[in-house]
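Examination of the molecular architecture
Chain residues, written in single-letter form:
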Amino acid sequence: TSPLMNFVSSWRFMWIVFWRIAGFTGVTFLACLRAFSIFALGQAPVAQDGFNRAMAEEAFALVNQERVAAGLHELQWNESIYNLACTRAQEIVSKWSHERPNGELSDDSIHSIGGYYTTGENISKYGFTAKATVDDWMNSPGHRENILRDMFTQGCIACYGSGGYYYWVNLFNG
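In this text the structure is predicted, and so the values were computed from the model without any measurement.

**Digging into the side chain of T133**
Structurally, T133 can be placed in helix 7 (residues 130-138). A residue is classified by how much of its surface remains accessible, and T133, at 0% relative accessible area, is buried. Once you skip the residues sitting within four places of it in the chain, T133 turns out to touch S124, G127 and W168.

This is the structure in structure tokens:
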């Protein structure tokens, strides 16, 4: 390809176009910047702070679609472990780990709620949509294994926005 085509297809070209459209005014420039971010990244650039139950339920439905496509039963939403998932989503903002800040493993926390035989946890950050998050989990062998584990019968997902990002926790039990 020619140098001109490389330039036209580059990020720099897109920034120049948006900068010219913005007319160097702050508000218009910020609107164009947001539009460019959505265009270039295919997602909203900033998460709203707090819990987003609707996105969590959308992701849960997508997890169940993956399970059904694999010939498995759907998971049932468990409100008790949803509360734990919400706590975990807040915890992973400051400690990115399956180990909780108190040193307890997340699986132990799920066991303590209901004495379940088997448990699991998927965590994710930066996924701005339910679909992107579930797609990321399905493209990761360990996360995929949790989603498609036949022994799991219940689960939930929490989605928590903090600092412009979403933090996701998918808990399972059976």
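**Things to note about the packing of aromatic side chains**
For the structure on display, the rule yields eight aromatic pairs. Centre to centre, the rings of F128 and Y166 are 6.3 Å apart; their planes meet at 70 degrees, and the pair counts as edge-to-face. Here Y166 lies in strand 5 (residues 165-173) and F128 lies in the loop between strand 3 (119-125) and helix 7, a separation of 38 residues in the sequence. In terms of burial, F128 and Y166 fall into one category: buried. The rings of Y126, F128, Y165, Y166 and W168 are connected pair by pair, giving a single aromatic cluster. Against the face of Y82 rests R53, its NZ or CZ located 4.4 Å from the ring centre. The ring of W96 has K125 sitting right over it, with the charged end atom 4.8 Å from the ring centre.

So, how was this worked out
Residues numbered from 1 in each chain as written. Predicted model: local features only at pLDDT ≥ 70, side-chain atom pairs only at ≥ 80, totals over all residues. Heavy atoms only, no water. Helix = DSSP H or I, 4+ residues; strand = E, 2+ residues; numbered from the N terminus. Buried < 20%, exposed > 50% of the residue type's maximum accessible area, 1.4 Å probe, protein only. Contact = heavy atoms within 4.5 Å. Phe/Tyr/Trp six-rings, centres within 6.5 Å; stacked < 30°, edge-to-face > 60°. Lys NZ or Arg CZ within 6 Å of the ring centre and 35° of its normal.

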